[in-house]
Amino acid sequence: MGNNSGKRSLSQSTDDSVIREDENWMKDVDSEANHPNLAPYSNLTAEENDFEPKRRVRASTLSSTVNIDKKKLPTVFKWEGGGKNVFISGSFNSWKKKISMVKSTGDFYAIIDLPEGTHQYKFYVDGQWLCDSKEQKTESDLGTENNIVTVRASDFEVFEALATDSVNSGQNRGTGRHYSKDEVTGSPPGDYSQEVPPRHSSHGFSHSGPPILPPHLLQVILNKEIPVHCEPTLLPEPNHVMLNHLYALSIKESKPDLKKIRKEAKERKRKWKEEKLIKRLEKRKKREETEQINKLEEESKLKKKENCYTVSIALPGSILDNAQSPELRTYLAGQIARSAAIFNVNEIIIFDEVGKAALTTEGTFEGIGKSTKTSNCNIQLARILQYLECPQYLRKNFFPVHEDLKYAGLLNPLDSVHHYRSEDDATYREGVVTKMKVKEDKGSLVDVGLEKLVRIDKQLDPGFRVTVRLDKTTMDNKKPRGVVVSPDEPRELGNLYWGYSVRLAPNLSSVLIKSPYKGGYDLVIGTSDKGDSIDRFEPEENFKHALIVFGGLKGLEASLESDEKLTVGDPRELFEYYVNVCPYQGSRTIRTEEALLIALSAIRPKLAMSKLKLTENSND
């Protein structure tokens, strides 16, 4: 286990707790009872050798004071197998003594002076003889297994060379003087003990004074420039240095210039006050500019509110009867929803040509192909339109699994403005009131599609759909704040298209009379192949709510005949404008979903131009 077998020599780094032991420090024990080679054949138990050396011999790895014995060489033994009490014995002491090993960082060490040659050894761990499986092994004459170590003098020649170099380096170049070995070491000569020597020991050694201050201690708080932009009353973090329990704080040129320090501190404080005043003035100016911008925006919003208008469309649910399968019925409803979103339709009215439609979307579609079940067509069309208009993150709250929506997931999304994603920055959002309990005066918590819930200003029942105007200054809070507003506010004040609403009507007369807007529809347009050409259509400029009505398979005439409340015989008398959206058509018939796209693409620009003229006239 010499240097060639992996064991460390005295010069290699070992823990400070590793001590050098030799046979003169051990107590004798019974050789036969504790012999590892005889242990298997003996019933005697070896006891630990507790000892306390009177004095520890000083060891140095590179010092020239170390006199390496030519006959015996220091060899390090290490046991990594654990245990409480570990000893070592071997052929180097004829197996007569167990040498105690010192524990350091979980392992056990011993340094033993050995002569050149190969030696057998073994560890005595907690009353049991063991070998180190990591080291070389051999079989003894008695048939037991032991570790072996080979010690060579050539492995220690480097230490003698280092010691010689240390002595030679002590020559003084100016005087030619050679230092002694004791002077080269830098430490007092002689043996070390636990007793503190007097200041002037018998060896003639005395302390010449404290050590020279290292240069890195000059980088301390009083020798560093403080940035101007920092708070003058707060100093930078000190660069304290602890050196052998000596706290050192250096000052340039032996003493501080207090006058200069005070002057620099006053200058920093003055600059800090100036910067603080400038920031305050900039903040005030920015606030005034923001208030002015908000004032102009409010005026602009009021003007937008005066000039904004709505567009509603009405069509019979019987158009779904043209579809030959549930998948095609769903796809047809998706076409109508996409057309309405593209042309910013605010309301879709589903009416029944027969006049017996239900007024809610509750119910189940029971079949297709029979005209007597058109009411169910109305319900299914209304339900699919509502499903597509609802933002994706709210659908699970308002639309349970239903047969009418079986294929709705395959439809193209509307991708409308109010279908915000979680990472989108928006002033308004659609949300649903959650069931989380809050204090009575703390409003309610709403899910608006963000990672956080938003606290609104009103106490509402769970499951209620609301439009929320977010407070942008609180978006970084744990619970951002918002205000519940009308669904029309994003359109009126924000000039945003905020989706469409769906209304069911039992007949054509209910479409015209029961308007959700105050004052009703002031621009009603009927579509038919018997109407006037769309090219001559010029709407009035001061309208606010426009309604475009489409007929079913049999046209508006069939709806007029089935409505008992209408006494007129010509549908032209019900509308202010009765137009043909596709004159000179090449096909005998135009499907309602096709007429919807054609009419909106032709009428929508005319409505926008009339409002633009109104705005220009008001500005003049």
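Here the structure is shown first, and the text comes after it.
Residues numbered from 1 in each chain as written. Predicted model: local features only at pLDDT ≥ 70, side-chain atom pairs only at ≥ 80, totals over all residues. Heavy atoms only, no water.

Engineer: Just checking my understanding: could you explain the overall build of the protein chain for this structure?
Structural biologist: If you tally the helices and strands in the protein chain, you get 10 helices and 22 strands. Put simply, the protein chain has 620 residues, and 40% of those count as buried. Sequence separation of 24 or more characterises 70% of the internal contacts of the protein chain that already satisfy a separation of 6 or more. Of the roughly 37900 Å² of accessible surface on the protein chain, 49% is carried by carbon and sulfur atoms. (Helix = DSSP H or I, 4+ residues; strand = E, 2+ residues; numbered from the N terminus. Buried < 20%, exposed > 50% of the residue type's maximum accessible area, 1.4 Å probe, protein only. Contact = heavy atoms within 4.5 Å. Areas by Shrake-Rupley, 256 points an atom, 1.4 Å probe, with all protein chains shown as cover.)

Engineer: In this structure, what is going on with the sheet that holds strand E1 (residues 72–79)? I would like to understand it.
Structural biologist: Two orientations exist for strands paired in a sheet by backbone hydrogen bonds: parallel and antiparallel. Pairing within the open sheet is antiparallel, and its 3 strands lie in the order E1-E5-E4. Looking at strand neighbours, the two that pair on one side only are E1 and strand E4 (102–104), the edges of this open sheet. For this sheet, the mean angle separating the axes of adjacent strands, direction not counted, is 35°. Bridge count between E4 and strand E5 (residues 107–115): 3 bridges; the pairing is antiparallel. When the sheet's bridge partners are listed, Ser 104 is paired in E5 with Asp 107. (Pairing = 2+ DSSP bridges. Axes fitted to C-alpha atoms, helices over the stretch in contact; angles between N-to-C directions.)

Engineer: How should I be thinking about the pattern of salt bridges in this particular structure?
Structural biologist: Pairing of side chains with opposite charge becomes possible as their charged atoms draw close. Summed over the entire model, instances satisfying the criterion amount to 17 salt bridges. With a closest N to O distance of 3.7 Å, Lys 78 and Asp 107 form a salt bridge. Of this pair, Lys 78 sits in strand E1 while Asp 107 sits in strand E5; the two residues are 29 residues apart in sequence, bridging distant segments of the chain. In this structure, Arg 491 engages Asp 488 in a salt bridge whose closest nitrogen and oxygen atoms are separated by 3.5 Å. In this structure Arg 491 comes out as buried when scored by relative accessible area, which is 13%. Of the residues examined, Asp 488 reaches a relative accessible area of 32% and is grouped as partly exposed. Here the residues in one salt-bridge network are Lys 78, Glu 80, Asp 107 and Lys 134, joined through shared partners. (Salt bridge = Lys/Arg side-chain N within 4 Å of Asp/Glu carboxyl O.)

Engineer: Help me understand the layout of surface pockets in this model?
Structural biologist: A water-sized probe, rolled over the atoms, reveals where empty space remains. Considering only enclosed or pocket space, the largest pocket measures out at about 800 Å³ in volume. Around the largest pocket sit 30 residues that line it, and Glu 389, Arg 465, Tyr 500, Ser 501 and Val 502 are the ones nearest its centre. Among the secondary structure elements, those contributing two or more residues to the lining of the largest pocket are helix H5 (374–389), strand E17 (465–470) and strand E19 (501–505). Residues of the lining of the largest pocket, tallied by class, amount to 13 nonpolar, 9 polar and 8 charged. If you count residues domain by domain, the lining of the largest pocket takes at least three from each of domain 2 (310–400 + 500–614) and domain 3 (428–493). (1 Å grid on protein atoms, 1.4 Å probe; cavity = no way out; pocket = protein on both sides within 12 Å on 5 of 7 lines; lining within 4 Å. Points joined across faces, edges and corners; volume = space filled by probe spheres on them. Nonpolar A, V, L, I, M, F, W, Y, C, P; charged D, E, K, R; others polar. Domains from an automatic or database assignment.)

Engineer: Is there a simple way to explain the nonpolar core in this structure?
Structural biologist: Soluble globular proteins tend to bury their nonpolar side chains together. Of all hydrophobic cores here, the largest spans 51 residues; its most connected members are Ile 313, Ile 348, Tyr 500 and Leu 607. For this core, the elements supplying multiple residues, two or more each, are strand E12 (310–316), helix H4 (326–342), strand E13 (347–351), H5, strand E20 (523–533), strand E21 (545–549) and helix H10 (592–619). With 7 residues, the single largest contributor to this core is H5. Residues contacting Ile 313, with those up to four places away along its chain left out, are Val 345, Glu 347, Ile 348, Ile 349, Leu 547, Ile 548, Phe 550, Leu 596 and Leu 600. By size, the runner-up hydrophobic cluster in this structure holds 18 residues, among which are Trp 79, Phe 92, Phe 108 and Val 151. (Core = buried A, V, L, I, M, F, W, Y, C linked by side-chain atoms within 4.5 Å.)

Engineer: Teacher, can you tell me more about a positive patch on the surface here?
Structural biologist: A contiguous patch of positive charge on the surface is contributed by Lys 276, Arg 280, Lys 283, Arg 284 and Arg 287. The class of Arg 287 is partly exposed, set by a relative accessible area of 44%. (Patch = residues over 30% accessible without salt bridge, like charges linked within 9 Å, V, L, I, M, F, W, Y side chains within 5 Å. Lys, Arg positive; Asp, Glu negative; His and termini not counted. Charge placed at Lys NZ, Arg CZ, Asp CG, Glu CD.)

Engineer: What am I meant to see in the sheet that holds E21 here?
Structural biologist: Overall, parallel pairing links the 6 strands, which are arranged E19-E13-E12-E21-E20-E22 in an open sheet. Edge positions in the open sheet fall to E19 and strand E22 (577–580), since each of these has one partner strand only. Averaged over all neighbouring strand pairs, the angle between strand axes comes to 25°, with direction disregarded. Pairing between E13 and E19: 5 bridges, direction parallel.

Interpretation note: all reported values are geometric properties and have no functional meaning in isolation.
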